[in-house]
Amino acid sequence: MGVIIDKEKCNSCGLCVKLCPGDLEALDPKTRKAFIWDNDDCWNCLVCVKHCPTQAITLKLPNAITKHDATLMPKMTDDEIDWTLIDPDGKVDTFKIPRKTVR
Amino acid sequence: MYPQMTLWLAANRIDPSKQPIEIAGTEPYIVGGHCQAGYWIDDGRKTTLEGLFAAGDVAGGVPYKFVSGCWAEGVIAARTVVEYVKNVELGEVDDEHVEKEIDRVYMPMRKSGGVRPNKLEQELQDMMDKYAGGIPEYYEMDEARLKIAQKELQKLAERTKDISAENTHELMLAHDMIDKIEVAQVLVEHLLFRKETRWPAYQTRLDYPKMDDENWLCFVNSRRDPKTRKIDVFKVPYKQMVPGDRYKG
Ligand SMILES: Cc1cc2nc3c(=O)[nH]c(=O)nc-3n(C[C@H](O)[C@H](O)[C@H](O)COP(=O)(O)OP(=O)(O)OC[C@H]3O[C@@H](n4cnc5c(N)ncnc54)[C@H](O)[C@@H]3O)c2cc1C
Ligand code: SF4
Ligand code: SF4
């Protein structure tokens, strides 16, 4: 499993570094852009994908289990997550899931 | 459904409302909150080590607690700790001990060219899968194979002395590895000790395929001697808390 980080979109805020439960993300000391140490250790928990303020991080499935390109992006609002799923043929599906929080 | 599952279905053009999905029973976790393994605790989540408390996956005896159960145990432990610290006097910090700990923790970064944690992890995974009842063996095991696991673990444990880390992330993985091998060693000792099959599909002993209440309706505990590193395994009696026939719901 794993994620892809778009270096162009990354604004170096460091939020993903703070949030990743696996300590997998870090900022490159030279470029200040986020990178992932090892995609093999990523659990696809999606915490970084959901909270990245510039939507620079996308979910990546391992090549072994999928052959086609499809994307799934969450957008967080205060009380729900708006998901956009685009299948390999470009068909777009959206769904809203309420957020459960104990805040 | 997990998000990556949704993406996988879409990426492979599978419509789950039209096409059946293949499923398989996997990963019956022996250690952690899914099962009973963990440190021996009392009702207040105090461990057998003075001043150490355990809650969640590391606390034994309470199977299938999941996330909510771990939280509940955290609250129970916290309440006990609050009472406990009222009577604790702060001790002196031994600087020499602190220095030693820093040396121990950073040692893998001070070496180079040693064995990398990821390599050891793959070896550990493959070996445990094969000899200690992993998924390719359908979680089945027997004494002969467990004894091989015991030997292989000893070799792996010795090789951790050579572990090296190039950065702080790898340093964390290096310590993860050292701990994982230790957990695997304890696990194999427990699997060897219990000569019955109490939890088929989690712990299927091919050489003792039946459940044997006469000898094994008990807990199995262990303790590791910090000096000799020997693991001592022993029985702890089972006490029934809810009266009645325990095999009828
Ligand atoms: C694959 C899988 C799927 C699961 N699915 C579900 C599910 O769907 N629903 C559900 O309710 N439960 C599920 N569980 C169970 C649940 O996730 C766990 O029981 C729970 O997260 C454990 O919480 P914990 O706080 O006890 O331990 P953990 O969340 O493991 O926390 C222990 C923490 O201690 C840290 N740590 C370890 N060693 C050290 C050290 N030396 N110094 C400092 N920190 C250290 C670790 O980094 C970690 O952050 C699942 C578990 C697994 C493995
Ligand atoms: S959260 Fe997004 S923008 Fe912030 S550092 Fe990570 S990738 Fe960059
Ligand atoms: S998906 Fe989760 S585990 Fe993977 S890099 Fe992001 S925060 Fe870390």
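Residues numbered from 1 in each chain as written. Chains lettered and ligands numbered in written order. Predicted model: local features only at pLDDT ≥ 70, side-chain atom pairs only at ≥ 80, totals over all residues. Heavy atoms only, no water.

Chemist: Tell me about the overall build of chain A, and please be specific about residues and values.
Modeler: Assigned secondary structure in chain A consists of 2 helices and 7 strands. Listing each helix as α and each strand as β along chain A from the N terminus yields β-α-β-β-α-β-β-β-β. Taking 103 residues into account, the globule formula puts the C-alpha radius of gyration at 13 Å, and chain A, at 14 Å, falls close to it. Taking all 103 residues of chain A together, 33% fall into the buried category. A total of about 6700 Å² of accessible surface is found on chain A, and carbon and sulfur atoms cover 54% of it. If you average the places of the 15 positive and of the 16 negative side-chain charges in chain A, the two averages end up 4 Å apart. (Helix = DSSP H or I, 4+ residues; strand = E, 2+ residues; numbered from the N terminus. Rg over C-alpha atoms; globule rule 2.2 N^0.38 Å. Buried < 20%, exposed > 50% of the residue type's maximum accessible area, 1.4 Å probe, protein only. Areas by Shrake-Rupley, 256 points an atom, 1.4 Å probe, with all protein chains shown as cover. Lys, Arg positive; Asp, Glu negative; His and termini not counted. Charge placed at Lys NZ, Arg CZ, Asp CG, Glu CD.)

Chemist: Explain the nonpolar core to me, using residue names and the numbers behind them.
Modeler: In this structure, Val 3, Ala 34, Cys 48, Val 49, Ile 57 and Leu 72 of chain A together with Leu 7 of chain B are the most contacted members of the largest nonpolar core, which totals 27 residues. Secondary structure elements with two or more residues in this core: β1 (2-5), β3 (34-36), α2 (47-51), β4 (57-60), β5 (71-76) and β6 (80-86) of chain A together with α1 (3-11) of chain B. If we ignore the near neighbours within four places in the chain, the residues touching Ile 57 of chain A are Val 3, Ile 4, Ile 5, Cys 16, Glu 25, Cys 48, Val 49, Cys 52 and Met 73 of chain A. (Core = buried A, V, L, I, M, F, W, Y, C linked by side-chain atoms within 4.5 Å. Contact = heavy atoms within 4.5 Å.)

Chemist: Quick rundown of the sheet that holds β5 of chain A? Include the residues and the values.
Modeler: Residues and elements named next belong to chain A. Taken in spatial order, the 3 strands of this open sheet run β5-β6-β7, and their pairing is antiparallel. Looking at the sheet topology across the chains shown, the edges are occupied by β5 and β7 (92-98). Taken pair by pair, the neighbouring strands of this sheet meet at an average axis angle of 20°, ignoring direction. Relative to β6, β5 runs antiparallel, the two being bridged by 6 bridges. Residue pairing across strands places Thr 71 opposite Ile 86, the latter belonging to β6. (Pairing = 2+ DSSP bridges. Axes fitted to C-alpha atoms, helices over the stretch in contact; angles between N-to-C directions.)

Chemist: Describe the interface of chain A and chain B, and please don't skip the residues or the numbers.
Modeler: Taken together, the contact between chain A and chain B spans 25 residues of the former and 14 residues of the latter. Where chain A abuts chain B, roughly 1600 Å² becomes buried across the two surfaces, and 63% of that area is made up of carbon and sulfur atoms. Considering only the side of chain A, the residues that lose the most area to chain B are Trp 37, Leu 61 and His 68 of chain A, jointly responsible for 26% of the buried surface there. Taken together, the connections running from chain A to chain B amount to 1 salt bridge. Of the charged contacts in the structure, one is a salt bridge between Asp 89 of chain A and Arg 13 of chain B, with a shortest N-O distance of 2.7 Å. Applying the counting criterion to the chain A and chain B interface returns 3 residue pairs in polar contact (both at pLDDT 80 or more). Looking at the side of chain A that touches chain B, the elements with two or more residues in it are β5 and β6 of chain A. Each residue belonging to the side of chain A that touches chain B can be placed in one class, and the counts come to 14 nonpolar, 5 polar and 6 charged. (Buried area = accessible area lost by both parts, 1.4 Å probe. Salt bridge = Lys/Arg side-chain N within 4 Å of Asp/Glu carboxyl O. Polar contact = N/O pair within 3.5 Å; in protein donor to acceptor, adjacent residues only side chain to side chain. Nonpolar A, V, L, I, M, F, W, Y, C, P; charged D, E, K, R; others polar.)

Chemist: Could you give me a rundown of the side chain of Asn 44 of chain A, with the residues and numbers involved?
Modeler: Tracing the chain through its elements places Asn 44 of chain A in the loop between β3 and α2. In terms of polar contacts, Asn 44 of chain A uses its side chain to reach the backbone carbonyl oxygen of Gly 2 of chain A, at 3.2 Å. In this structure, Asn 44 of chain A is in contact with Met 1, Gly 2, Leu 59, Lys 60 and Leu 61 of chain A together with Gln 4 of chain B, ignoring residues within four places of it in sequence.

Chemist: An account of the domain arrangement of chain B is needed here, citing residue identities and associated values.
Modeler: Residues and elements named next belong to chain B. As assigned here, chain B comprises domain 1 (3-85) and domain 2 (114-237). The C-alpha-based centres of domain 1 and domain 2 are spaced at 20 Å. Across the boundary between the two partners, domain 1 contributes 11 residues, which contact 11 residues of domain 2. Note on domain 1 versus domain 2: buried area summed over both sides is about 920 Å², and carbon and sulfur give 73% of it. When the buried area of domain 1 at its contact with domain 2 is split by residue, Pro 28, Ile 30 and Trp 40 rank highest and sum to 55% of it. For the interface between domain 1 and domain 2, the tally reads 0 salt bridges. Of the residues assigned to the side of domain 1 that touches domain 2, the class counts are 7 nonpolar, 3 polar and 1 charged. (Domains from an automatic or database assignment.)

Chemist: Quick one: what's the story with a nonpolar patch on the surface, residue by residue and with numbers?
Modeler: Side chains of Met 1, Tyr 2, Met 5, Ile 21 and Ile 23 of chain B sit close together on the surface and give an oily, nonpolar patch of about 610 Å² of accessible area. Position of Tyr 2 of chain B relative to the elements: it lies in the segment before α1. (Patch = residues over 30% accessible without salt bridge, like charges linked within 9 Å, V, L, I, M, F, W, Y side chains within 5 Å.)

Chemist: Break down the packing of aromatic side chains for me, with residues and values.
Modeler: One pass over the full model with this rule turns up 6 aromatic pairs over all chains. Consider the rings of Phe 35 of chain A and Trp 37 of chain A, whose centres lie 5.0 Å apart with planes at 75°: the pair is edge-to-face. Accessibility expressed as a relative area gives 22% for Phe 35 of chain A, which makes it partly exposed. The class of Trp 37 of chain A is partly exposed, set by a relative accessible area of 33%. Measuring from centroid to centroid gives 5.3 Å for Phe 53 of chain B and Tyr 84 of chain B, while their planes differ by 70°, and the two rings are edge-to-face. Linking Phe 53 of chain B in the loop between α1 and α2 (66-85) with Tyr 84 of chain B in helix α2, this pair joins segments that are 31 residues apart in sequence. Put simply, the rings of Trp 40, Phe 219 and Tyr 238 of chain B touch in pairs and so form one group of aromatic residues. A cation over an aromatic ring shows up here: Lys 235 of chain B above the ring of Trp 216 of chain B, its NZ or CZ 4.2 Å from the ring centre. (Phe/Tyr/Trp six-rings, centres within 6.5 Å; stacked < 30°, edge-to-face > 60°. Lys NZ or Arg CZ within 6 Å of the ring centre and 35° of its normal.)

Chemist: Describe the site of ligand 1, with residues and values.
Modeler: In the neighbourhood of ligand 1, the contacting residues comprise Trp 43 of chain A together with Tyr 2, Tyr 29, His 34, Ala 55, Gly 56, Asp 57, Phe 66, Val 67 and Cys 70 of chain B. Proximal residues around ligand 1 fall on chains A and B, making this an inter-chain site. Interatomic distance of 2.6 Å between a side-chain N/O atom of Asp 57 of chain B and an oxygen atom of ligand 1. Within the backbone of Val 67 of chain B, a nitrogen or oxygen atom sits 3.0 Å from an oxygen atom of ligand 1. When isolated, ligand 1 has an accessible area of 1000 Å², and the protein chains bury 35% of it. Considered class by class, the residues forming the shell around ligand 1 number 7 nonpolar, 2 polar and 1 charged. (Near = heavy atom within 4 Å.)

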